[in-house]
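Residue strings, one per chain:
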Amino acid sequence: LPEGPSERLRLLKVDVEGYELRALNGLNLTRYPFRFLTFQFFLRLLRDNGEDPVDLLMLARNAGYQCDCDEAAGRTRETMSEWVRGIHSHTNIFCELEVT
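So, a few notes on the structure that sits alongside this text. (Residues numbered from 1 in each chain as written. Predicted model: local features only at pLDDT ≥ 70, side-chain atom pairs only at ≥ 80, totals over all residues. Heavy atoms only, no water.)

Another point: the sheet that holds strand β4 (residues 91-97). On the basis of which strands lie adjacent, the open sheet formed by four strands has the order β1-β2-β4-β3 and mixed pairing. The two strands at the open ends of the sheet, each matched to only one other strand, are β1 (11-14) and β3 (65-67). Neighbour-to-neighbour, the strand axes of the sheet open up by a mean angle of 20°, direction not taken into account. Of the pairings in the sheet, the one linking β1 to strand β2 (residues 36-41) comprises four bridges and is parallel in character. Bridge pairing in β2 links V14 to F39. Packing against the sheet, helix α3 (residues 53-62) makes contact with β2, β3 and β4, and its axis sits at approximately 175° to β2. (Pairing = 2+ DSSP bridges. Helix = DSSP H or I, 4+ residues; strand = E, 2+ residues; numbered from the N terminus. Axes fitted to C-alpha atoms, helices over the stretch in contact; angles between N-to-C directions. Contact = heavy atoms within 4.5 Å.)

Once that is clear, we can look at the side chain of Q40. Looking at the element boundaries, Q40 is found in strand β2. On the accessibility criterion, Q40 (13% relative accessible area) is buried. Setting aside chain neighbours within four positions, we find Q40 in contact with V14, D15, E17, E20, L56, H90, T91 and N92. (Buried < 20%, exposed > 50% of the residue type's maximum accessible area, 1.4 Å probe, protein only.)

So, in structure tokens, the structure goes:
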């Protein structure tokens, strides 16, 4: 894999039924960044697998991604937690790597 921003690594779609956080933790998104990242945000499955859904949002944010939920969810753990409490079904999150 090419290190750093690359035209070859364009889109990563993660749909692993509640194991999205574990799958993304297994990658080094700062060393091997994809331009776009999308994943299922299925609260019940994440929680059933012992994960905090906010950790998944924080992982994307800390890896340099801006997600379509950022305006509603905010940028802090507290505002994200509040946003998550308002979700009553699963949703798909779409993120784009911020260009610096």
